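Below, each chain spelled out in residue letters.
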Amino acid sequence: MTLLSILGVLSSAVFSGTSLLYATLGEIVDQRSGIVNLGLEGVLLVSASAGFSAAAVTGSPYVGVLVAALAGGLMNLILGYLTITRRANQLASGLALMFFGFGVSAWIGRAHVGARIEGLPRLTLPGLSPLPVLYRSLFQFDVLIYLAVPAAIFMWWLLFRTRWGLGVRAVGESADAAFASGRNPHWIRYQALFVGGLLAGLGAAHLSIAYAMNWTEYMTAGRGFIAVALVIFSKWHPLRAIAGALLFSAAVAFQLLLQSSGIQISPFLLDTIPYLLTLGVLIAWGGTRRQSAPASLGHVYQGSE
Amino acid sequence: MSTPPERADRLRSMGVRTVGALLRFGSMAAIAFLLFGIILLASGHDPILSYRDLFASTFGSARGFSEVLVAMTPMLLTALAVALPSRIGLINVGVEGQLYIGACFATWGALTLSHWPAWLLLPAMALLGMIGGALWALVPGILRARGLVNETITTLLLNSVAPMIVSFFVFGYWHSPMDTNKTANFVAAARLPTLLGTRVDLSLVVGLLLLVLFWFVMKSTRWGLEMRAIGGNPQAALRNGIPYRAYVVAVLCLGGAVAGLAGMSLVSGFYGVLLANFSRGTGFMGFLISWLAGGNPFGIVVTSFAVAMITSGGNLLQLTRDVPYAVINILLAFTLFVVLARPQFTLRKKTA
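For every chain, the first residue of its written sequence is number 1, and the numbers climb from 1 along that sequence. A letter from A marks each chain and a number from 1 marks each ligand, given out in the order of writing. Confidence filtering applies because this is a predicted model: local features only for residues at pLDDT of at least 70, side-chain atom pairs given and counted only at 80 or more, and all residues used for totals across whole chains, interfaces and linings.

This next bit is on the overall build of chain A. Put simply, DSSP marks the helices as runs of H or I at least four residues long and the strands as runs of E at least two long, and each gets a number from the N terminus on. For chain A, the count of helices and strands is twelve helices and two strands. Along chain A, helices (α) and strands (β) appear in the sequence α-α-α-α-β-α-β-α-α-α-α-α-α-α when read from the amino end. Each radius of gyration reported is based on C-alpha atoms, and the globular scaling rule is 2.2 Å times the count of residues to the power 0.38. The C-alpha radius of gyration of chain A comes to 20 Å, within 12% of the 19 Å expected for a compact globule of 305 residues. Projected onto the principal axes, the alpha-carbon positions of chain A cover approximately 65 × 50 × 35 Å. Exposure in this text rests on C-beta crowding, where 20 or more other C-beta atoms within 10 Å of a residue's own make it buried, 12 or fewer make it exposed, and counts in between make it partly exposed. The C-beta atoms are placed from the backbone. Here chain A holds 305 residues, and the buried ones make up 52% of them. When contacts within chain A are restricted to residue pairs at least 6 apart in sequence, those whose partners lie at least 24 apart make up 79%. Here contacts are defined at the residue level, using C-beta atoms placed from the backbone and a cut-off of 7 Å between them.

Right, dumping it as structure tokens:
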């Protein structure tokens, strides 16, 4: 086991974990405003498919990223219409959105299955150029990876240090109280869902445009649900989401390391570790204090006429 | 003092309500089909031809109709797996995972007990499937009963773990010499008998019987009464001496067992083999169906049939009009959207 192979493992773990961090951040914003988005899997699929198709058609990966983000925002607005304006059940609406995503992504992407695109370019950090080429190539990441942790910090600032974030959190805790203090819960929730969708779209863009560089049906393979789990793990906090995404990346890295060192452990069992860990953490918290979920999460705001 | 004319009145008003409900449902379906027609048109397909195919393939022939019943079978069971816990206010979003573990347990039976005769092997597999599903619901049940973690979160988490466990066994131990991602075909004794030469298998009958049983238990037994009491007001039920915690664990496990049975029916009936990642949302579809039907057994049958018609029609759309199969999910989702977005005064009180 050489230093090179260890670095290679870490580098690929970072690549696979980035989409999760964005998706988790998006779901945190959704849930902070009081709306559970169980359709995240479908949102990610549509964004991945739309982004990839846009990149294939225009030839520009950046256009692809933009389209993916917008597609995510639009998908979330559908959820918003159902749960906010029509006051439908959030879990059922989310699952319906998931099936919608299965269909729409297959429909958008069908013309581009197997298409070759120019992936997001990988940029070398300025200080690393003296390194040997082999090492340097391991530290060449695309712009979405470089921006992932700053995005988490930005979301923390947005949610906890701005008026907008205060409004979102207030609505998530109690829509009635937020209304009484002069805020418009409906409008705030729409905004939060749109922002959450943009973030989810960025994650999906990284998956299809930078990481896999192709489109296949159901390519997100449960990442939407992983992100929902990570939201709980990170206690609805953007900075802890970094730790959550790292946990999954570490599991991936651990697997690759074991494989390259010839130890035979099924990758599927290792895949379960982060989930079981999340479950364990939940049980530990459950016994001590409240789980810091937004208080009105999942409740329908009936509005006050 | 129910005199005959009053009864006639009541029957008439029931009739009016039924017609009203049918009209509402019809108009909602029309909107959904219209929206999907636009999608078909945009992708260069004639919506009228496609819809004619869809109806001709499902209602036009006995074979097509039997395929709808095939698609409906797992939905009946997965919807029941959600409806049962919903009666005491539990939200079981984990049917997908329970179904996988049930399929896994049943497959273990099919592979290791393959020398058993069918009359012994099939019940054993069904029992194993139910045990598997129930075990997968046990942890969420206990955690909820002790007030530690909400069952919505835990069942959702365990959904993601279950397919990995199936993959672990399939890729690691059970795969056939030819494939890496599925077991060898089950022996004939491990296959559910099919009915009348179609692909409809015995689990359809089992599913319908279980729904009748569910209706009967809820309506006419002490358990049903106590469950309704808990669903109405858990605190009051507890003070009246109803063992609330025991009910939470038992009912969630029962839901899991039904979901596990759905998994067994899929591997033993529909597929005849255990395939890694074989279910793409069957369990979630059960949640939606149960929610749309308000947890009502009859409603579950009707809703499952409607959904099955759409999904099995999708198979044919793919063959004749070269639309990817997954696209049929759009029609399904439009239907769900329209129902979810319907005006609130028709909304039922049950939440799942």
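This paragraph deals with the overall build of chain B. Counting its regular elements, chain B contains 13 helices and zero strands. Written out in order from the N terminus, the α and β elements of chain B read α-α-α-α-α-α-α-α-α-α-α-α-α. What you see for chain B is a C-alpha radius of gyration of 21 Å, in line with the 20 Å of a compact globule of 352 residues. Taking the principal axes of the C-alpha coordinates as reference, chain B spans close to 70 × 60 × 35 Å. Here chain B holds 352 residues, and 49% of them are scored as buried. Residue pairs at least 24 apart in sequence account for 76% of intrachain contacts in chain B once pairs closer than 6 positions are excluded.

Okay, the interface of chain B and chain A next. Of the residues lining the interface, 39 residues belong to chain B; the matching set on chain A comes to 39 residues. Going through the elements one at a time, α6 (151-174), α11 (282-292) and α13 (328-340) of chain B are the ones with two or more residues in the side of chain B that touches chain A. Looking at which element gives the most residues to the side of chain B that touches chain A, the answer is α6(B), with twelve residues. Tallied by class, the residues present in the side of chain B that touches chain A amount to 28 nonpolar, ten polar and one charged. Note on residue categories: nonpolar means Ala, Val, Leu, Ile, Met, Phe, Trp, Tyr, Cys or Pro, charged means Asp, Glu, Lys or Arg, and polar means any other residue, Gly included.

Further remarks concern the packing of helix α5 (residues 118-145) of chain B against α6(B). Residues and elements named next belong to chain B. The interhelical angle for the contact between α5 and α6, taken along N-to-C directions, is 155°, at an axis separation of 9 Å. When the axes of α5 and α6 are compared, the pair comes out roughly antiparallel. For α5 against α6, the interelement crossing comes out right-handed. Judged by residue contacts, W136, V139, P140, L143 and R144 of α5 engage E151, T154, T155, L158 and A162 from α6. Among the residues making up the contact of α5 with α6, the classes are represented as six nonpolar, two polar and two charged. Between the N-to-C directions of two axes lies an angle of 0 to 180 degrees, each axis being a line fitted to C-alpha atoms and, for a helix, fitted only over the stretch in contact. The labels follow the angle: roughly parallel below 35 degrees, roughly antiparallel above 145, roughly perpendicular from 65 to 115, and oblique for the rest. Helix crossings are classified by the rotation of the near helix relative to the far one: an anticlockwise turn of less than a right angle makes the crossing left-handed, while a clockwise turn makes it right-handed.

On to unusual backbone geometry. Residue and element names in this part refer to chain A. Even without being glycine, R87 reaches a positive phi, approximately 55°. For R87, the position within the fold is in the loop between α3 (61-85) and α4 (90-109). A positive phi angle, near 60°, is found at Y218, a position not held by glycine. Relative to the helices and strands, Y218 is located in the loop between α9 (185-211) and α10 (223-233).

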